Amino acid sequence: MTFDTNSAKKTAELLLQINAIKLSPESPFTWASGWKSPIYCDNRILLSYPSVRNFVRDQMAKQVIERYGKPDGIAGVATGAIGIGVLVAEALGLPFVYVRPEPKSHGRQNQIEGYLKPGDSVVVIEDLISTGNSSLNAVKALQHADAIVKGMLAVFTYGFQTATENFESANLALHTLSDYHHLIEQAVSTNYIKESQLKTLMEWREAPDQWQP
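Residues numbered from 1 in each chain as written. Predicted model: local features only at pLDDT ≥ 70, side-chain atom pairs only at ≥ 80, totals over all residues. Heavy atoms only, no water.

**Student:** I'd like a rundown of unusual backbone geometry, residues and numbers included.
**Tutor:** Note that the residue after Ala-78, namely Thr-79, is joined by a cis bond; omega there is -5 degrees. For Asn-19, which is not glycine, the phi torsion reads 60 degrees and is therefore positive. Its location among the elements puts Asn-19 in the loop between α1 (5–17) and β1 (21–23). Note on Asn-19: relative accessible area 36%, which makes it partly exposed. Of note in the backbone geometry, Asn-191 takes a positive phi value of approximately 60 degrees without being a glycine. Here Asn-191 is to be found in the loop between α6 (180–189) and α7 (195–206). (Helix = DSSP H or I, 4+ residues; strand = E, 2+ residues; numbered from the N terminus. Buried < 20%, exposed > 50% of the residue type's maximum accessible area, 1.4 Å probe, protein only.)

**Student:** Give a detailed account of the packing of α6 against α7, specifying residues and quantitative values.
**Tutor:** Packing of α6 against α7 brings their axes to within 11 Å, and their N-to-C directions diverge by 170 degrees. Here α6 is positioned roughly antiparallel relative to α7, judged by the angle of their axes. Every residue of α7 that contacts α6 at Tyr-180, Ile-184 and Val-188 is listed here: Glu-195, Leu-198, Leu-201, Met-202, Trp-204 and Arg-205. (Axes fitted to C-alpha atoms, helices over the stretch in contact; angles between N-to-C directions. Parallel < 35°, antiparallel > 145°, perpendicular 65-115°, else oblique. Contact = heavy atoms within 4.5 Å.)

**Student:** Please give an account of empty space enclosed by the protein that cites residues and values.
**Tutor:** With the rule as written, the count across this model stands at 1 cavity of 30 Å³ or more. The calculated volume of the largest cavity comes to roughly 30 Å³. Gly-73, Ile-74, Pro-95, Phe-96, Val-97, Tyr-115, Leu-116 and Val-122 are the residues that line the largest cavity. A per-class count over the lining of the largest cavity returns 7 nonpolar, 1 polar and no charged. (1 Å grid on protein atoms, 1.4 Å probe; cavity = no way out; pocket = protein on both sides within 12 Å on 5 of 7 lines; lining within 4 Å. Points joined across faces, edges and corners; volume = space filled by probe spheres on them. Nonpolar A, V, L, I, M, F, W, Y, C, P; charged D, E, K, R; others polar.)

This is how it looks when you write it as structure tokens:
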């Protein structure tokens, strides 16, 4: 995965400024998976800050074109990437759909909401990549609907090896605006975290499923 270095640094800086990413090595968070973590990321918060969301919108729209070429539409992964996906689609003047984790149990039982023709090409927008499983589940739903998925673009990734392997197995290109490396670098340079906390954060990153505070 390659990065636009300036964009990666600026994205990390903005996410820390608005507390979209919180670092708490001494009082870890518990993820839905049960993993204990010294970091928690909620990129939906950026939608509440006009200057930040505009920066993310512009960078993602630019990188969609540069990395994948202009698709027929943009697909957001529900629920975290719906708002961000709409902003990117609007910036590019493209149709937008979003993909649920699973089909609705009522009505038309849609998993994909919005209009998508068979054979349409899409770039999938995500807010966050951890293991990649939920993101790739959305990709499978789009492919089942005969969409051509050109790739995925996310705001942030933890950079776990399991995610890399999952995307490689799915033969799907993934790019993100920023990642854990740029985040920690920014957090250290701005004294957001202490040098003494850095060891904990790096140990967690190497084996998040086994880490204990």
